[in-house]
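Next come the chains, spelled out residue by residue.
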Amino acid sequence: MTSGGGGPGARISLRLAHADDVAAMAAIEWNAFTDPWPASAFRELLGEPHVRVTVAEDAAGVLCGYCVLLHVVDEGEIANVAVLPSQRRRGVGSRLLDDALAAAAECGVDSVYLEVRVSNDSARSLYASRGFLPVGRRRAYYREPLEDALVLRWQRVGDTEAP
């Protein structure tokens with residue numbers, strides 16, 4: 001899960017999260033969201049069999065982002081993606097998202113869903129670049145500030161069987 005090439009995010013490596021990462025993930029969460037998850041949520045997720053928590057770290061070993069993928073049978077959800085403000089627009093979020101989608105496909109997941117703030121143009125652009133399409137809207141889903149969420153879905157293409 002290490003980086004390759006010299007493009008954006010090249011000095012970032014990805015690995016599965018462990019308990020020692022919880023404090024850093026919670027700190028990133030608090031920097032990224034107005035309604036953040038508590039550290040206990042990350043701790044609980046790490047022990048779940050259908051959850052994959054991946055972290056990104058820079059060359060110095062400092063955590064700069066994470067992604068939480070939930071999956072059951074053939075469906076998945078990107079529950080959270082966050083990157084430190086100082087590392088945004090450097091390919092970290094793209095690397096984390098690509099890793100989650102590849103892991104989902106390896107687990108037999110055909111569809112991955114997520115919610116994104118209507119106003120989050122940069123995240124929406126990233127998701128669209130990976131083939132996520134809008135499939136719904138959740139009114140007043142986010143708090144602080146109150147805002148709608150778009151529900152997006154990624155559909156795996158390729159070796160699917162006909163019904």
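See the structure above.
The following paragraphs examine the structure supplied in this document. Computed from a predicted structure; not experimentally measured.

Reading the values: rules and limits
- Residues numbered from 1 in each chain as written.
- Predicted model: local features only at pLDDT ≥ 70, side-chain atom pairs only at ≥ 80, totals over all residues.
- Heavy atoms only, no water.
- Pairing = 2+ DSSP bridges.
- Helix = DSSP H or I, 4+ residues; strand = E, 2+ residues; numbered from the N terminus.
- Axes fitted to C-alpha atoms, helices over the stretch in contact; angles between N-to-C directions.
- Contact = heavy atoms within 4.5 Å.
- Polar contact = N/O pair within 3.5 Å; in protein donor to acceptor, adjacent residues only side chain to side chain.
- Core = buried A, V, L, I, M, F, W, Y, C linked by side-chain atoms within 4.5 Å.
- Buried < 20%, exposed > 50% of the residue type's maximum accessible area, 1.4 Å probe, protein only.
- Salt bridge = Lys/Arg side-chain N within 4 Å of Asp/Glu carboxyl O.
- Arc of directions from axis to C-beta.

Before going further, it helps to spend a moment on the sheet that holds strand E3 (residues 63-72). Read from one edge to the other, the open sheet built from 7 strands follows the order E1-E2-E3-E4-E5-E7-E6, with strand pairing classed as mixed. The two strands at the open ends of the sheet, each matched to only one other strand, are strand E1 (13-16) and strand E6 (133-142). Each strand of the sheet is rotated relative to its neighbour by a mean of 25 degrees, with strand direction disregarded. Judged from the 6 bridges that link them, E6 and strand E7 (residues 147-155) form a sheet pairing that is antiparallel. Bridge pairing links Tyr-142 to Glu-147 in E7. Across the sheet, helix H3 (residues 92-106) is in contact with E1, strand E2 (51-57), E3, strand E4 (75-83), strand E5 (111-117) and E7; its angle to E3 comes to roughly 25 degrees.

Okay, the side chain of Glu-115 next. Inspection of the secondary structure assignment puts Glu-115 in strand E5. A distance of 3.1 Å separates the side chain of Glu-115 from the side chain of Arg-138, its partner in a polar contact. In terms of polar contacts, Glu-115 uses its side chain to reach the side chain of Tyr-141, at 3.5 Å.

Let us look at the nonpolar core. Core analysis: the biggest nonpolar cluster contains 41 residues, and Met-25, Tyr-66, Ile-78, Val-112, Tyr-127 and Phe-132 have the highest contact counts within it. Of all the elements, H3 adds the most residues to this core, at 7 residues. If we ignore the near neighbours within four places in the chain, the residues touching Tyr-127 are Val-81, Leu-97, Leu-114, Val-116, Phe-132 and Leu-152.

A word on the environment of Ala-39. Turning to its location among the elements, Ala-39 is positioned in helix H2 (residues 39-46). With a relative accessible area of 25%, Ala-39 lands in the partly exposed category. Placed 15 residues apart in sequence, Ala-39 and Ala-24 show a C-alpha to C-alpha distance of 9.1 Å. Ignoring sequence-local partners within four residues, the contact set of Ala-39 consists of Val-22 and Ala-26.

Within the secondary structure, Asp-148 sits in strand E7. Expressed as a C-alpha distance, the spacing of Asp-148 and Val-116, which sit 32 residues apart in the sequence, is 8.4 Å. Apart from residues no more than four positions distant in its own chain, Asp-148 is found in contact with Val-116, Arg-117, Val-118, Arg-137, Arg-138, Arg-139, Ala-140, Tyr-141 and Tyr-142. A polar contact is formed between the side chain of Asp-148 and the side chain of Arg-139, at a distance of 2.8 Å.

Moving on to the pattern of salt bridges. By the definition in use, this model includes 10 salt bridges. Ionic pairing is found between Arg-156 and Asp-110, a salt bridge with its closest N-O pair at 2.7 Å. Pair noted here: Arg-156 is in the segment after E7 and Asp-110 is in the loop between H3 and E5, with a separation of 46 residues, a long-range link. Overall, Arg-156 belongs to the partly exposed group, its relative accessible area being 21%.

The next point concerns H2. For H2, the set of buried residues is Ala-41, Phe-42 and Leu-45. Buried residues along H2 cover an arc of 100 degrees about the axis, so they all sit on one side. Relative to its buried face, H2 has exposed residues pointing more than 90 degrees away, namely Arg-43 and Glu-44. For H2, the secondary structure elements touched by its buried residues are helix H1 (22-32), E2 and E3.

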